Amino acid sequence: MAPLLFSIMACGGLNQSPSPESLEQLQQDSIRVYALNTRFKETYRSDLQGARLYLDSAHALAKKANHKWGEAWSYRYYGIYHSSKNEYYSALTCLMEGKKIFSSLNDINGQSACLNGMANIVSDQGDYEKALAYYQETISLNKSIDNDKGVAIAYHNIGNLHYSLGQYDQALTNFKRSLEIKQKLQDSLGMIGPLNGISAVYSVQGQDEKSLSFAYQALELAKIFEDKKREANIYNNLGYQYYKVQELDSAAIFYKKALATYKSIGDRGGAAVVFNNLGGIELIRENGAGAIAYNDSSLALAKEIGHAPTVRQAYQGLAEAYKLLGQYPKAYFWLEKFHGLKDSISGENIRLQINTLEAKFEKGENERQIAILKEKEANVREKNKLYLAILVISVFTFLVLILAILFYFRNQRAKAKIIQHKLKQKALRAQMNPHFIFNSLNSIQRLYVEGKEDLANDYMADFSQLLRRILENSGKQSISLEDELAIAKGYLELELLRTDHAFSFSVEMDSALDAMSFMVPPLILQPYLENAVWHGILPKKTPGTIQIKVYQKNTKMVVCEIIDNGIGIESSKHKNPGRNSMGMQITQERLGGSANVQVEGIETGGTKITLTLTNNL
């Protein structure tokens, strides 16, 4: 298994001075914003959380002084901060906002920096075609302003992309292009990334002596500049060198150094990759249990941050581990998941699309494609009404189709199953009621009208994904607890957008709990979460929190707690006398009655709901 390379994010050159201000105070504020942003750039690699304090100060001061250039760079650096913590959604949101402001200022350098960050993120998520388009656009922008450093960064990241697809000759070409420019610029810090990339390519090509030489050059520079992230990447690369020649003890030493370094800087993506690599060592040692433990850790982190390539490798590692232990049904289960994900993110069709797009760019056709995209974007507002109408019709068509299918199967089953299916249908109607659908569509329309097309597209994608999940699971007798929690997270993320982030939420789960094997009735959490948001948090009119805690009671039972700091159950009853939640009543019946559902007020304010779930295998 070749080590996964991580993109080197472009910081962007701070080579544009703020416009002179007529007022002395505004001049001082501009200088302070510049200095605080620069301080973040200088310290985030060694002290991410400490650097965040500089960034928060810079952003707040820029907003107060209406210093748009400084505000835009703050958003760019927030993108770096969230990417370093694998918080991809937050990173993309900040980068898009920064790019929007840079565009209004006609700042090509800033636009390029934001595009490069966006490309790194979508590449980590497995969307290589979109990543390549972003990288190529950054090359064009940087060449237009003679920014060789930005061009070098883009070439290095394109090398990462080809490496991920197994196109090693193309990866090596782009890494060498990047290194040549960095050497010309005497950018020793920037040389670390391409040196490590060249080392990784030589490793998979069997040129071990060259590989180690480049790796140790990169490691020496990373230590000089105290760049912990790149240092960890190089340790991981060195671990692979020794793994390949079957020096497993040495490989494990370097992998564990990489793991410790990733953990010290809070890099969950890097830790996920190293856990998978350590699992590979245990497979060679025929330690199936150890391999499963490492790959479980890798899978949990990779799923948490949405890093598709590592999820795929963890699936493969689990399949091989269970095969080694002779547990063939489980091995087959993980192998199926591996092949499904492999086909979706790294098939030959994607390689062909990448090569085609790159060829078009080299011939100058990329500018024409960009012009076509801009023309399409100009027509988006005119087509909004048509898109919304199609979406509404599609939603109701799917609902009618699903209800018809449920009705057919309900009449084919035994009489004892009829009541259970009726409860499922009622729960579906209570949870996905027209109010929720229309409110979501109105929110999408509002974002388009306000010109926030990227955010509206993200909202629409999240809404469609949530609706698809609900429709897929509504006809099932049971789903995994992991899938149920994913639906709950999707619902809360939509409500965050609809309520302008009036609350925050967290999900805590017992690490010993196998959420994929524990089966529960579908769609049991959403009614309680909806009640917490709309009748607990929002009436309070101050930012609230919602916590979901899941832990194992015994081998057959799991307890799920939903805790909010809203106005509390008693205050809610006074504000809404006579109101009863049909969704909550139906869900209580589905869980076996009031003995398994406890609702209680919290003395400090808020409500705690405790659900006792039995494994529905």
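Owing to the predicted nature of the structure, the values given are computational and were not obtained by experimental measurement. (Residues numbered from 1 in each chain as written. Predicted model: local features only at pLDDT ≥ 70, side-chain atom pairs only at ≥ 80, totals over all residues. Heavy atoms only, no water.)

**A short note on the overall build of the chain**
1) Next: Across its full length, the chain holds 26 helices and seven strands.
2) Next: Relative to its full complement of 617 residues, the chain shows a buried share of 51%.
3) Next: Taking the contacts inside the chain whose residues are at least 6 apart along the sequence as the reference set, 67% of them involve residues at least 24 apart. (Helix = DSSP H or I, 4+ residues; strand = E, 2+ residues; numbered from the N terminus. Buried < 20%, exposed > 50% of the residue type's maximum accessible area, 1.4 Å probe, protein only. Contact = heavy atoms within 4.5 Å.)

**Overview of helix α13 (residues 268–284)**
1) Next: The first and last C-alpha atoms of α13 sit 25 Å apart over 17 residues, in line with the 24 Å expected at 1.5 Å per residue.
2) Next: The backbone nitrogen of Gly 269 has a side-chain oxygen 3.2 Å away, supplied by the residue at the start of α13, namely Asp 267.
3) Next: Looking one or two places after α13, you find Glu 286, whose phi comes out positive at around 60 degrees. (Expected span 1.5 Å × (residues − 1). Polar contact = N/O pair within 3.5 Å; in protein donor to acceptor, adjacent residues only side chain to side chain.)

**Regarding the side chain of Glu 561**
1) Next: Residue placement: Glu 561 occurs in strand β5 (residues 557–564).
2) Next: A relative accessible area of 9% means that Glu 561 is categorised as buried.
3) Next: Here Tyr 551 takes part through its side chain, which lies 3.2 Å from a polar atom of the side chain of Glu 561.

**Quick word on the pairing of strand β7 (residues 607–614)**
1) Next: Across the eight residues of β7, six count as buried, placing the element largely inside the fold.
2) Next: Of the strand pairs in this sheet, β5 and β7 are connected by eight bridges, and their pairing is antiparallel. By the bridge assignment, Cys 560 is partnered in β7 with Leu 611.
3) Next: In this sheet, β7 lies alongside strand β6 (residues 597–601) in antiparallel orientation, the contact comprising five bridges. Bridge pairing in β7 places Val 597 opposite Leu 611.
4) Next: Linking two consecutive strands that pair antiparallel, namely β6 and β7, is a turn of five residues; a positive phi of about 110 degrees is found at Gly 605 within it. (Pairing = 2+ DSSP bridges.)

**Side note on the pattern of salt bridges**
Where charged atoms of side chains with opposite charge meet at close range, the side chains can pair.
1) Next: Tallied over the entire structure, the rule returns 15 salt bridges.
2) Next: With its nearest N and O atoms 2.8 Å apart, the salt bridge here joins Arg 52 to Asp 56. With Arg 52 and Asp 56 both in helix α2 (residues 48–65) and four residues apart, the pair spans about one turn of that helix.
3) Next: Classification of Arg 52 by relative accessible area gives partly exposed; the value is 23%.
4) Next: Close ionic contact of Lys 452 with Glu 450 constitutes a salt bridge, the shortest N to O distance being 3.6 Å.
5) Next: According to the relative accessible area criterion, Lys 452 is partly exposed, its value standing at 35%.
6) Next: By relative accessible area, which is 40% here, Glu 450 ends up partly exposed.
7) Next: The network of salt bridges with common partners includes Lys 63, Lys 68 and Glu 71. (Salt bridge = Lys/Arg side-chain N within 4 Å of Asp/Glu carboxyl O.)

**Thoughts on α2**
1) Next: For α2, built from 18 residues, the straight-helix expectation of 26 Å at 1.5 Å per residue is met to within 8% by its first-to-last C-alpha distance of 26 Å.
2) Next: Among all positions of α2, only Leu 48, Gly 50, Ala 51, Leu 55, Ala 58, His 59, Leu 61, Ala 62 and Ala 65 are buried.
3) Next: Just beyond α2, the residue with positive phi is Asn 66, at close to 55 degrees.

**Observations regarding the confidence of the model for the chain**
1) Next: Residue-level pLDDT values for the chain average 81, and 83% of them are 70 or greater.
2) Next: The low-confidence segment residues 1–23, where pLDDT is below 50, has 84 contacts with residues more than four positions distant or belonging to other chains.
3) Next: Segment residues 345–349: pLDDT under 50, and nine contacts once partners within four positions in sequence are set aside and those in other chains are kept. (pLDDT = per-residue confidence, 0-100.)

**Some points on the state of the cysteines**
A covalent bond between the sulfur atoms of two cysteines is what we call a disulfide.
1) Next: Evaluation of the coordinates by the stated rule reveals zero disulfides.
2) Next: Between Cys 114, a free cysteine, and Cys 94, which holds the nearest cysteine sulfur, the sulfur-to-sulfur gap is 9.8 Å. (Disulfide = S-S within 2.5 Å.)

**Some thoughts on unusual backbone geometry**
1) Next: Even without a glycine there, the phi angle at Asp 146 is positive, about 55 degrees.
2) Next: With respect to the helices, strands and loops of the structure, Asp 146 is situated in the loop between α6 (128–144) and α7 (148–164).
3) Next: Look at Glu 226: it is not a glycine, yet its phi comes out positive at around 55 degrees.
4) Next: Mapped onto the fold, Glu 226 is located in the loop between α10 (208–224) and α11 (228–244).

**A short note on the environment of Phe 396**
1) Next: With respect to the element layout, Phe 396 can be found in helix α19 (residues 380–412).
2) Next: Along the backbone, Phe 396 and Ile 437 are 41 residues apart, and their C-alpha atoms lie at a distance of 9.8 Å.

**Some details on the environment of Leu 221**
1) Next: Position of Leu 221 among the secondary structure elements: in helix α10.
2) Next: With 32 residues separating them along the chain, Leu 221 and Leu 189 place their C-alpha atoms 6.8 Å apart.
3) Next: If sequence neighbours within four positions are ignored, Leu 221 has contacts with Ser 188, Met 191, Ile 192 and Leu 195.

**Notes on a nonpolar patch on the surface**
1) Next: On the surface, a cluster of nonpolar side chains totalling about 500 Å² of accessible area is made up of Phe 398, Leu 401, Ile 405, Tyr 408 and Phe 409.
2) Next: Topologically, Ile 405 is positioned in helix α19. (Patch = residues over 30% accessible without salt bridge, like charges linked within 9 Å, V, L, I, M, F, W, Y side chains within 5 Å. Areas by Shrake-Rupley, 256 points an atom, 1.4 Å probe, with all protein chains shown as cover.)

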